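Spelled out from the first residue to the last, the chains are:
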Amino acid sequence: MKKFIILLSLILALTAILPPVANRSYAADAGVTLPAFKVTLNGVSFESTSAKYPLVLYKGITYFPMTWNLSRSLGLTLKFSAETGLDIQKAASQETVKQDVAGSNRLNTTYSAKIVTYPVIVGGQRIDNAKETYPILNFRDITYFPLTWRFAKDMFGWDYQFSQSGGLVINSGVINASGPAQGLVSGPSAEPALPSSPAPSTAPAGGSSALTFAEKTIKVGTRSIPVSVVTADLKSGKLKARAVLAGSRVGETNTLEAAAKRENAVFAINGTFFDAYNGYGTPSNTLVVGGKLLTTGGHYGSLGIAGTEARIDRVSSTVNGENTGGVFDKVSWYSGAWKGFSLNTPLIHATDQRIVIFDKQYKSQIALNATFAGTVFTVSGGIISKAKPWAGTLSNTADYTVVFPAAHSYPGKDTNLLAATGALINQNAGYVYTSYAKFAEGSRFGMQPAFTAELGGDFWAKAESVVGAGPLLVRDGVKAIDLGKEAFYEAKITTNSAARSAAGISADGRLIFITTTATLHELADIMIQLGAKTATNLDGGASSGMYYNGKMIRTPGRAISNAIVIVEN
């Protein structure tokens, strides 16, 4: 949420200065929408629907218009020239926020903005907009900045918070412009400065030395990188660590702070990746909560917890099963076994051809991509229903809903009928061995989770919590990043300096959790210096957040899907 607010503030500053039309330069179109949540700037409510220059959303991030008033109200000065582009600096004073009421905008409507290519300089450092995950935009001839952690918190030191009820709240305070700007970051390769706000107490939470917090500066190469660090000794018997959903069901989101307080946690950090851009909100990888597999995922760096023991390895998960009764009793040699299905991970993209099972842990409505075609079986009271064609969004009322894409469906065929006519083998030998044929109407459904760990062992099958994210950072005390093995290709994960969260385990079994702003390889180096024998990356960017001892250390820029929490016994 903090990242969210930061982006909004930067946008305000940039839009204050408009580049001349003749010299304006843009790369590509960008579809933006208006935020539905409340926005408060320095104590003044700001309504985007009535503003000529509203706050907007792009790629799940809030963007802020750099109009003259809004940029000045947040303590920024703007200058523009055709030669040097837009130059943003801190100001010695600030204006009062004034509500812009010269426009009329609609929620749930997509407007066209542009990705800018004219020069933008912040605190004396040029921003390479072509390399920005959340690029600077121009909307209605005003420059808009993303409210990311790097811009808002690291560069300008703004305080912000987000809640479902209060929305986005940004407070800049009066900024002292004398001397170099405090907290400015010159870019992805620059050294980030510590936040200007007072650091939380480093005293153990609840007076327990089993859980500690510290703000540290770690030297990696030529950079000195600020890091928020929490360590937890589960073997002390004073603490329990577990994975949780942020909402009440798979696919629902909530703020990290709300999830932490609901769990009575003394510590919380964001967990695995999730769909933040297509409206599904579902975790994208393995997630086990309370010993129950909630979502499956590929072979990625994962943290597992079983009682006082924790492990990190590359782990994948699926669901396998065997359906019994009905045709499987009538034909003695015919097995109802099937394997390799996914669980509670919707088919978001048209190219996705996985067979997916949804259970009652999933949210109330099951939706797939708009072009999806296939077949659905439901299971109630343990009995499989007759196949039906997919007909759009389904209410999640059955015990299980099994979705077969068209590529794996055989409409018009009936396993029971084939068995009764004796044609099971001869005319339909290929069909009867498909997974689709194993879901014979009236047979009994059976399912169990399956885990595959790179280092083997049965730990993962008994783990009470598993959070699969990746990539794996450290193994046996040395860097172990393998982007090809874990299929990570996006620059925002592989090479860019960005907000990061990570989990590690020390040689003596202590858990190590951090948030920072760094590249992936710097993140691994940081974990090694902090004593991690093994470590994995967690979701980052706008999801990165940390809660400790009743306070937000880093507030995510959006609501999240899942988290790792620690509670006291």
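Thresholds applied
Residues numbered from 1 in each chain as written. Predicted model: local features only at pLDDT ≥ 70, side-chain atom pairs only at ≥ 80, totals over all residues. Heavy atoms only, no water. Pairing = 2+ DSSP bridges. Helix = DSSP H or I, 4+ residues; strand = E, 2+ residues; numbered from the N terminus. Axes fitted to C-alpha atoms, helices over the stretch in contact; angles between N-to-C directions. Salt bridge = Lys/Arg side-chain N within 4 Å of Asp/Glu carboxyl O. Buried < 20%, exposed > 50% of the residue type's maximum accessible area, 1.4 Å probe, protein only. Contact = heavy atoms within 4.5 Å. Polar contact = N/O pair within 3.5 Å; in protein donor to acceptor, adjacent residues only side chain to side chain. pLDDT = per-residue confidence, 0-100.

1. Points about the sheet that holds strand 39 (residues 551-554)
Item 1. One open sheet holds the five strands; their spatial order is 17-40-18-38-39, and the pairing between them is antiparallel. One side of each edge strand has no neighbouring strand; the edge strands of this open sheet are strand 17 (239-245) and strand 39. The average angle at which neighbouring strand axes cross in this sheet is 20°, direction not considered.
Item 2. Looking at chain direction, strand 17 and strand 40 (residues 562-568) are connected through seven bridges and run antiparallel. If you follow Val 244 over to strand 40, its bridge partner there is Ala 563.

2. Considering the pattern of salt bridges
Item 1. A full pass over the atoms with the stated rule returns 17 salt bridges.
Item 2. Its salt-bridge partner being Glu 486, residue Arg 314 comes within 2.8 Å of it at the nearest N-O pair. Of this pair, Arg 314 sits in strand 22 (residues 309-322) while Glu 486 sits in the loop between strand 34 (478-479) and helix 9 (491-494), and the two are 172 residues apart along the sequence.
Item 3. The class of Arg 314 is buried, set by a relative accessible area of 3%.
Item 4. Within this structure, Asp 313, Arg 314, Glu 454, Arg 475, Lys 485 and Glu 486 form a network of salt bridges that share partners.

3. What about the environment of Asn 496?
Item 1. Structurally, the position occupied by Asn 496 is in the loop between helix 9 and strand 35 (498-506).
Item 2. In this structure the C-alpha to C-alpha distance between Asn 496 and Thr 519, which are 23 residues apart in sequence, comes to 5.6 Å.
Item 3. Excluding residues that lie within four positions of it along the chain, Asn 496 makes contacts with Lys 131, Thr 133, Ala 491, Ala 518 and Thr 519.

4. Concerning the pairing of strand 20 (residues 292-295)
Item 1. The sheet contact formed by strand 19 (residues 287-289) and strand 20 spans three bridges and is antiparallel. Bridge pairing links Val 288 to Leu 293 in strand 20.
Item 2. Joining the antiparallel neighbours strand 19 and strand 20 is a turn of two residues, in which Gly 290 adopts a positive phi near 60°.

5. Overview of the side chain of Ser 302
Item 1. Examined against the element boundaries, Ser 302 turns out to sit in strand 21 (residues 297-306).
Item 2. Since its relative accessible area comes to 0%, Ser 302 is described here as buried.
Item 3. A polar contact is formed between the side chain of Ser 302 and the backbone oxygen of Tyr 300, at a distance of 2.8 Å.
Item 4. When neighbours within four sequence positions are excluded, Ser 302 is seen to be in contact with Arg 311, Ile 312, Asp 313, Val 315, Trp 460, Val 466, Val 467, Gly 468, Ala 469 and Thr 536.

6. Quick notes on unusual backbone geometry
Item 1. Residue Pro 471 is reached from Gly 470 by a cis peptide bond, and omega for that bond is 0°.
Item 2. With respect to the helices, strands and loops of the structure, Pro 471 is situated in the loop between strand 32 (465-468) and strand 33 (472-475).
Item 3. The backbone of Arg 140 sits at a positive phi, close to 55°, despite the residue not being glycine.
Item 4. Position of Arg 140 relative to the elements: it lies in the loop between strand 11 (137-139) and strand 12 (142-146).
Item 5. What makes Arg 140 partly exposed here is its relative accessible area of 32%.
Item 6. The phi dihedral of Asp 476 falls on the positive side, at around 55°, and the residue is not glycine.
Item 7. As for its placement among the helices and strands, Asp 476 is situated in the loop between strand 33 and strand 34.
Item 8. The exposure class assigned to Asp 476 is exposed, which follows from its relative accessible area of 60%.

7. Looking at the sheet that holds strand 35
Item 1. Read from one edge of the open sheet, seven strands run 15-16-36-35-37-33-34, paired in antiparallel fashion. Of all the strands in the sheet, just strand 15 (211-220) and strand 34 have a single pairing partner and so form its edges.
Item 2. Looking at chain direction, strand 33 and strand 37 (residues 532-537) are connected through two bridges and run antiparallel. Across the sheet, Leu 472 pairs through a bridge with Thr 536, a residue of strand 37.
Item 3. Those strands touched by helix 10 (residues 520-529) are strand 15, strand 16 (223-232), strand 33, strand 34, strand 35, strand 36 (511-518) and strand 37, and its axis lies near 145° from that of strand 36.

8. Some words on the pairing of strand 12
Item 1. Counting buried positions over the five residues of strand 12 gives five, a clear majority of the element.
Item 2. Residues of strand 12 alternate between two faces, with Ile 142, Tyr 144 and Pro 146 on one and Thr 143 and Phe 145 on the opposite face, all of them buried.
Item 3. Here strand 5 (residues 61-65) pairs with strand 12 via three bridges, running antiparallel. Within strand 12, the position partnered with Tyr 63 by the bridge is Pro 146.
Item 4. As paired elements, strand 11 and strand 12 share three bridges and run antiparallel to each other. Its bridge partner being in strand 12, Leu 137 is matched across the sheet by Tyr 144.
Item 5. Taking the residues that link successive antiparallel strands as the turn, the strand 11-strand 12 hairpin has two residues, and the phi of Arg 140 there is positive, at about 55°.

9. Focus: the side chain of Asn 344
Item 1. Mapped onto the elements, Asn 344 comes out in the loop between strand 23 (337-343) and strand 24 (356-359).
Item 2. Among the polar contacts listed, one links the side chain of Asn 344 to the backbone oxygen of Leu 294, at a separation of 2.8 Å.
Item 3. Beyond its immediate sequence surroundings of up to four residues, Asn 344 is in contact with Val 250, Thr 282, Leu 294, Thr 295, Val 356, Ile 357, Phe 358, Asp 359, Gln 361 and Tyr 362.

10. Details of the confidence of the model for the protein chain
Item 1. Summing up the model confidence of the protein chain, the mean pLDDT is 85 and the portion of residues at 70 or higher is 86%.
Item 2. Below a pLDDT of 50 lies the segment residues 1-24, which in the model reaches 159 contacts outside its immediate sequence neighbourhood of four places, other chains included.
Item 3. The low-confidence segment residues 174-203, where pLDDT is below 50, has 62 contacts with residues more than four positions distant or belonging to other chains.

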